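Residue strings, one per chain:
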Amino acid sequence: METVAPFIEVIDEINEAGGGIVKMCFQCGMCDAVCPWNRVRQFSMRKLIREAAFGLSEVEGEDIWRCTTCGTCPQQCPRGVKQIDVSVSLRRVAAEYELFPASVRSARTARASIISEGNPLQGERGKRSEWAQGLSVKPYTEDMEVLYFVGCYLSYDPRMKKVAAATANILNTASVAFGILGEQESCCGESIRKTGAEEVFRNLAKENIKAFIDRGVRKIIVSSPHCYHTFKNEYPEFMVNFEVQHMSQYILELLNTGRLELKGAYPEKVTYHDPCYLGRHNDVYDDPRELLQKVDELEYVEMEDFGKRSLCCGGGGGRIWMDTPQEERFSDIRLQQAKAAGARVLATACPYCITNFEESRLNLEYEDVIEIKDIAEIVNDMLQSPE
Ligand code: SF4
Ligand code: SF4
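Rules and cut-offs
- Residues numbered from 1 in each chain as written.
- Chains lettered and ligands numbered in written order.
- Predicted model: local features only at pLDDT ≥ 70, side-chain atom pairs only at ≥ 80, totals over all residues.
- Heavy atoms only, no water.
- Helix = DSSP H or I, 4+ residues; strand = E, 2+ residues; numbered from the N terminus.
- Rg over C-alpha atoms; globule rule 2.2 N^0.38 Å.
- Buried < 20%, exposed > 50% of the residue type's maximum accessible area, 1.4 Å probe, protein only.
- Contact = heavy atoms within 4.5 Å.
- Lys, Arg positive; Asp, Glu negative; His and termini not counted.
- Charge placed at Lys NZ, Arg CZ, Asp CG, Glu CD.
- Axes fitted to C-alpha atoms, helices over the stretch in contact; angles between N-to-C directions.
- Parallel < 35°, antiparallel > 145°, perpendicular 65-115°, else oblique.
- Left-handed = near helix turned anticlockwise from the far one by under 90°.
- Nonpolar A, V, L, I, M, F, W, Y, C, P; charged D, E, K, R; others polar.
- Polar contact = N/O pair within 3.5 Å; in protein donor to acceptor, adjacent residues only side chain to side chain.
- Domains from an automatic or database assignment.
- Buried area = accessible area lost by both parts, 1.4 Å probe.
- Salt bridge = Lys/Arg side-chain N within 4 Å of Asp/Glu carboxyl O.
- Phe/Tyr/Trp six-rings, centres within 6.5 Å; stacked < 30°, edge-to-face > 60°.
- Lys NZ or Arg CZ within 6 Å of the ring centre and 35° of its normal.
- Core = buried A, V, L, I, M, F, W, Y, C linked by side-chain atoms within 4.5 Å.
- Expected span 1.5 Å × (residues − 1).
- Near = heavy atom within 4 Å.

Draft legend 1. Summary view of the overall build of the protein. A tally of helices and strands in the protein yields 16 helices and nine strands. What you see for the protein is a C-alpha radius of gyration of 21 Å, in line with the 21 Å of a compact globule of 387 residues. When the 387 residues of the protein are sorted by exposure, 59% land in the buried category. Across the protein, contacts joining residues at least 24 apart in sequence account for 79% of those joining residues at least 6 apart. Across the protein, the centroid of the 45 positively charged side chains sits 2 Å from that of the 59 negatively charged ones.

Draft legend 2. Structural context of the packing of helix H8 (residues 158–173) against helix H15 (residues 351–363). In contact at an axis separation of 10 Å, H8 and H15 are set at 135 degrees when each is read in the N-to-C sense. When the interaxial angle is binned, H8 and H15 end up oblique. Of the two possible hands of crossing, H8 and H15 adopt the one that is right-handed. Between H8, through Arg159, Met160 and Val163, and H15, the contact on the second element is made entirely by Pro351, Ile354, Thr355 and Glu358. Its residues placed into classes, the contact of H8 with H15 shows four nonpolar, one polar and two charged.

Draft legend 3. Highlighting the side chain of asparagine 282. Tracing the backbone shows asparagine 282 in the loop between strand E6 (269–272) and helix H13 (286–292). The class for asparagine 282 is buried, based on a relative accessible area of 10%. One polar contact links asparagine 282 to asparagine 233, side chain to side chain, over a distance of 2.8 Å. If we skip the residues at most four places from it in the chain, asparagine 282 touches Tyr228, His229, Lys232, Asn233 and Tyr277.

Draft legend 4. Spotlight on the domain arrangement of the protein. In terms of domain boundaries, the protein breaks down into domain 1 (8–99), domain 2 (104–255) and domain 3 (262–381). For domain 1 and domain 2, the distance between their C-alpha centroids amounts to 29 Å. Of the residues lining the interface, seven residues belong to domain 1; the matching set on domain 2 comes to eight residues. Taken over both partners, the interface formed by domain 1 and domain 2 buries close to 740 Å², and the fraction arising from carbon and sulfur atoms is 56%. The largest share of the area that domain 1 buries against domain 2 comes from Trp65, Arg92 and Glu98, three residues that together contribute 55% of it. At the boundary of domain 1 with domain 2, the tally comes to three salt bridges. With a closest N to O distance of 3.2 Å, glutamate 198 and arginine 92 form a salt bridge. Across the contact surface, domain 1 and domain 2 share four residue pairs in polar contact (both at pLDDT 80 or more).

Draft legend 5. Structural context of the packing of aromatic side chains. Applying the stated criterion across every chain, the model contains 12 aromatic pairs. Considering the side-chain rings of phenylalanine 201 and phenylalanine 238, the 6.2 Å spacing of their centres and the 55 degrees angle between planes classify their relative orientation as tilted. Of the two residues, phenylalanine 201 sits in helix H10 (residues 198–214) while phenylalanine 238 sits in the loop between helix H11 (225–234) and strand E5 (243–246), which places them 37 residues apart along the sequence. For the pair formed by phenylalanine 201 and phenylalanine 238, the shared burial category is buried. Ring plane angle 80 degrees and centroid distance 6.4 Å describe the contact between tyrosine 235 and phenylalanine 238, whose orientation is recorded as edge-to-face. Side by side, tyrosine 235 and phenylalanine 238 carry an identical accessibility label, which is buried. Sitting above the plane of the tryptophan 37 ring, arginine 66 keeps its charged end 5.0 Å from the centroid. One Lys or Arg, arginine 79, reaches over the ring of phenylalanine 26 and ends 4.2 Å from the middle of that ring.

Draft legend 6. Molecular detail of the environment of glutamate 290. Along the chain, glutamate 290 falls in helix H13. Sequence spacing of glutamate 290 and serine 248 is 42 residues, and the spatial spacing of their C-alpha atoms is 9.4 Å.

Draft legend 7. Quick look at unusual backbone geometry. One non-glycine residue, glutamine 122, lies in the positive phi region at around 60 degrees. Structurally, the position occupied by glutamine 122 is in the loop between helix H6 (105–117) and strand E1 (138–139). Glutamine 122 gets classed as exposed once you look at its relative accessible area, which sits at 60%. For glutamate 297, which is not glycine, the phi dihedral falls at a positive 65 degrees. Of note, glutamate 297 is situated in the loop between H13 and strand E7 (299–300).

Draft legend 8. Molecular detail of the nonpolar core. Core analysis: the largest hydrophobic core is formed by 125 residues, its most contacted members being Tyr148, Phe212 and Phe231. Excluding residues that lie within four positions of it along the chain, phenylalanine 212 makes contacts with Leu147, Phe149, Leu181, Val217, Ile220, Phe231, Tyr235 and Phe242.

Draft legend 9. Representation of H15. Here H15 spans 18 Å end to end across 13 residues, near enough to the 18 Å set by a 1.5 Å rise per residue. Of the positions making up H15, those classed as buried are Pro351, Tyr352, Cys353, Ile354, Asn356, Phe357, Glu358, Ser360 and Arg361. After H15 finishes, the residue glutamate 365 shows a positive phi value of roughly 55 degrees.

Draft legend 10. How the structure looks around the site of ligand 1. Close to ligand 1 lie 13 residues, the nearest being Cys25, Cys28, Gly29, Cys31 and Cys77. A class-by-class count of the residues in the shell around ligand 1 yields eight nonpolar, three polar and two charged.

The structure is reproduced here in structure tokens:
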């Protein structure tokens, strides 16, 4: 394919992202060996890095959009090449010239929706807290213990609203003084940033930070590993530092301190999928497992590719908004792995994972084979006294 990217601009972008390091690559191919794409189709991060090193990237093609930012290859690279940063740099150039291949165009729709309504799902900003109607959820005020940052999918997506409701019930049961931002909450911006929309990300971060500071927020709890990652590791670029905990960590703490008590039993075989942005990107592997193992009669099983080697669901890096042919979905493989492990329930802790797994469950006709649950939903089921 003919290269249309301005040579200098690609090099500048990559250098700006600390990309001088691409020159360290000695083309060993380890990244390709571990990349989940090579389980479903051919894709070479090694080739992308080589082309980037010479400023010869095909920024108009699909390959620069493929990386799900799962974090597997950066962990394995013997030369410390930052593959994700390189991908994002190339996407910045493509986004600037509006070079979106057909399969990526829906990410542009998500971007437009984020700019106009503060979420990628084309939900009205005014309806951001509709999920909480009748659930005893208050607007955040300074005297409260924690801010629950709900996130876009849990605010608007019908499947994920159930997770938001379960979470609110857990917090209320534990008598946690919590509140939400409602219409003042905007998308955290983590994933749109990975599609190259740097300016959009910066504006979202500034809006959220202003909302946090104006309301005297000190501690934030989140359901999405993507919100967790960006608040913890990216918002500090704006010289702020808020205490942030993922819900799996927070609920475990509520149980360990006796503020929450589990009552029923859950006689099911359950496995846990590590979301990339909780596990590999932030080293949270044990808390969700410890939480599940506190549930009476729950039989915990591990599936293939867990922990540091967890198979990506395919939704990171903005891929959740892009089109992936059915035969190329990592989430289908994940469900097959869960089934092979004998699990009846695939538990996880990320809205993108749940969205992809629910879709694979339908595509594979696994409705009677496996259930998909956020761990907060399992905990919530255990709050009722047994009959
Ligand atoms: S693993 Fe690192 S050094 Fe090896 S080809 Fe990939 S980027 Fe280059
Ligand atoms: S970060 Fe993950 S998806 Fe991206 S190239 Fe590396 S292994 Fe592949």
